[in-house]
Amino acid sequence: MEIIIKQDYDKMSKEAADFIVNYINNKPETLLCIAGGETPAGILKYLVEASNNKKVDFSKCKFVSLDEWVGLGRETRGSCKETLYNQFFDLIPITEEQICFFDGLASDLEKECKRVDKFISDNGNIDLIVLGIGMNGHIGFNEPNVPLDTYCHVVGLDPVTKDVSVKYFDKALDVKQGISLGMKTINEADTILLIANDLRKADIVKKTVEGEKMPEVPSSLLKDFPKLYFFLDEAAASKLTK
Ligand code: PGA
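Structural notes, computed from the coordinates. (Residues numbered from 1 in each chain as written. Predicted model: local features only at pLDDT ≥ 70, side-chain atom pairs only at ≥ 80, totals over all residues. Heavy atoms only, no water.)

## A short note on the overall build of the protein
The line we're drawing: Helix and strand labels come from DSSP, where a helix needs a run of H or I of at least four residues and a strand needs a run of E of at least two; each type is numbered from the N terminus. Only the C-alpha atoms count toward the radius of gyration. The rule for a globule is 2.2 Å times the residue count to the power 0.38. Exposure categories follow from relative accessible area, calculated using a 1.4 Å probe and restricted to protein chains: below 20% of the type maximum is buried, above 50% is exposed, and the middle band is partly exposed. The contact criterion used throughout is that any non-hydrogen atoms of two residues lie within 4.5 Å. Within this scheme the basic residues Lys and Arg register as positive and the acidic residues Asp and Glu register as negative, but His and the chain ends are omitted. Note on charges: their place is set at NZ of Lys, CZ of Arg, CG of Asp or CD of Glu.
When helices and strands are counted, the protein shows seven helices and 10 strands. By the compact-globule yardstick of 18 Å for 242 residues, the protein fits well, its C-alpha radius of gyration being 17 Å. Along the first, second and third principal axes, the C-alpha atoms of the protein reach 45 × 40 × 35 Å. Here the protein holds 242 residues, and the buried ones make up 54% of them. Counting contacts in the protein only where the partners sit at least 6 residues apart, residues at least 24 apart contribute 79% of the total. Across the protein, the centroid of the 30 positively charged side chains sits 2 Å from that of the 39 negatively charged ones.

## Notes on the site of the ligand
This is how the line gets drawn: Note on terminology: near, applied to a residue and a molecule or strand, indicates that one of the residue's heavy atoms is within 4 Å of it. In protein, a polar contact means a hydrogen-donor-capable atom and an acceptor-capable atom, both N or O and within 3.5 Å, with residues adjacent in sequence counting only if both atoms are side-chain atoms; elsewhere, any N or O pair within 3.5 Å suffices. To measure how exposed things are, a 1.4 Å probe is used in the Shrake-Rupley method; for residues, cover is taken only from the protein chains shown. Gly is placed with the polar residues, together with every amino acid not listed as nonpolar (Ala, Val, Leu, Ile, Met, Phe, Trp, Tyr, Cys and Pro) or charged (Asp, Glu, Lys and Arg).
The immediate surroundings of the ligand are formed by Gly37, Glu38, Thr39, Gly132, Ile133, Gly134, His138, Lys167, Tyr168, Arg200 and Lys201. Contacts to the ligand include tyrosine 168, whose side-chain N or O atom sits 2.5 Å from an oxygen atom. The fraction of the free accessible surface of the ligand (280 Å²) that becomes covered by protein chains is 90%. Within the shell around the ligand, the residues separate by chemical class into two nonpolar, five polar and four charged.

## Some thoughts on the environment of threonine 76
Looking at the element boundaries, threonine 76 is found in the loop between strand S4 (67–69) and helix H3 (80–87). Of the residues examined, threonine 76 reaches a relative accessible area of 16% and is grouped as buried. Separated by 25 residues in sequence, threonine 76 and serine 51 place their C-alpha atoms 27 Å apart.

## Focus on the sheet that holds strand S2 (residues 31–34)
Sheet strands pair by backbone hydrogen bonding; their relative direction is either parallel or antiparallel. Defined as follows: In this scheme, strands are said to pair when DSSP sees at least two bridges between them. Under this scheme, a helix contributes an axis fitted over its contacting stretch, all axes are lines through C-alpha atoms, and angles between N-to-C directions fall in the 0 to 180 degree range.
One open sheet accounts for seven strands, arranged S1-S10-S9-S6-S2-S3-S5; its pairing is parallel. Sheet topology places strand S1 (2–6) and strand S5 (99–100) at the edges, where each strand pairs with a single neighbour. Summarising the sheet, S1 and strand S10 (residues 228–233) pair through five bridges and their orientation is parallel. Among the inter-strand pairings, isoleucine 3 is bridged to a residue of S10, identified as phenylalanine 230. Each of S1, S2, strand S6 (128–132), strand S9 (191–196) and S10 touches helix H1 (residues 9–26); the most contacted strand, S10, lies at about 155 degrees to it.

## Regarding the packing of aromatic side chains
Which entries qualify depends on this criterion: Aromatic rings from Phe, Tyr and Trp, taking only the six-membered ring of Trp, are treated as a pair when their centres fall within 6.5 Å; an angle between ring planes under 30 degrees marks them as stacked, one over 60 as edge-to-face, and anything in between as tilted. Only when the NZ atom of a Lys or the CZ atom of an Arg is both within 6 Å of the ring centre and within 35 degrees of the ring normal do we say a charge sits over the ring.
For the coordinates displayed, the defined rule picks out 14 aromatic pairs. Judged by centre distance (6.2 Å) and plane angle (65 degrees), the ring pair of tyrosine 168 and phenylalanine 169 falls under edge-to-face. Residue tyrosine 168 is classed as partly exposed on the basis of its relative accessible area, which comes to 26%. On the basis of relative accessibility, which here comes to 10%, the residue phenylalanine 169 falls in the buried class. Between the NZ or CZ atom of lysine 14 and the centre of the ring of tyrosine 46, over which it lies, the distance is 5.9 Å. Between the NZ or CZ atom of lysine 45 and the centre of the ring of tyrosine 46, over which it lies, the distance is 4.5 Å.

## Brief notes about the side chain of serine 219
Along the chain, serine 219 falls in the loop between helix H7 (202–210) and S10. At 2.8 Å, the side chain of serine 219 forms a polar contact with the side chain of threonine 208. When near neighbours in sequence (up to four residues on either side) are disregarded, serine 219 contacts Ile133, Gly137, Ile139 and Thr208.

## Re the pattern of salt bridges
Let me state the cut-off plainly: Salt bridges are counted wherever a side-chain nitrogen of Lys or Arg sits within 4 Å of a carboxyl oxygen of Asp or Glu.
Overall, the coordinates contain 17 salt bridges when judged by the stated rule. Lysine 27 serves as the salt-bridge partner of aspartate 127, at 2.7 Å between the closest nitrogen and oxygen. Of the two residues, aspartate 127 is situated in the loop between helix H4 (109–122) and S6 and lysine 27 in the loop between H1 and S2; the sequence distance between them amounts to 100 residues. Its salt-bridge partner being glutamate 38, residue lysine 167 comes within 3.1 Å of it at the nearest N-O pair. Of this pair, lysine 167 sits in the loop between helix H5 (159–165) and strand S8 (177–180) while glutamate 38 is found in the loop between S2 and helix H2 (41–52), placing the two residues 129 residues apart along the sequence. Taking relative accessible area as the criterion, lysine 167 reaches 33% and is therefore assigned partly exposed.

## Notes on the side chain of threonine 39
Assignment of secondary structure puts threonine 39 in the loop between S2 and H2. Taking relative accessible area as the criterion, threonine 39 reaches 7% and is therefore assigned buried. Non-local contacts of threonine 39, meaning those with residues more than four positions away in its chain, are made with Tyr9, Met12, Ile195, Ala196, Asn197 and Lys201.

Set out below in structure tokens:
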């Protein structure tokens, strides 16, 4: 694991965005996956800027979603789809055919999982995946005590995830399940970027980096992944001792 600590959220976001831009410049056909949530917003802003300034060309890339709240679609402000489309896909010159996004409103969720699994395998696995870390160590909706042998799957949400979910939505939503790429999907990627900022993530960052590998902390299971880059701001890194 390579740990990259930048002074603040903006500098962390810029550094991670530069990494992604370089990656795509080296491999224009990148299959890219970027998490929804708050943490990647700065990265997405810099990726859009790089695209506008012709520093990167996404026209040969493919994009797959990491996760979605079951029962929510793009109409719901704060859904993963709404976030990624509004902050990224709609702002760069790409076509809908390049994107495969979980439909949280699908009536057959198992079929939806298979559709996304197939898109990934048809495109030769994920090249670069950008993951935030939940307060409970979840990555995507791979919640504490996640099985390791899963591809796309539907999960019951952990109580911490349900509590934290209120920050995304402008009204109370009773989210109970998520649909997510699995640990196997993530482990088959070429390169993983983990990102975390803010003091509130300092404890889970410490557990991830310095704690034992354990299914109770899904992010810790990535520790020995060969190409893992952990981008942090100083606040999120402040409890690291090594
Ligand atoms: P956040 O979410 O970026 O909104 O903090 C992280 C996560 O739950 O994966």
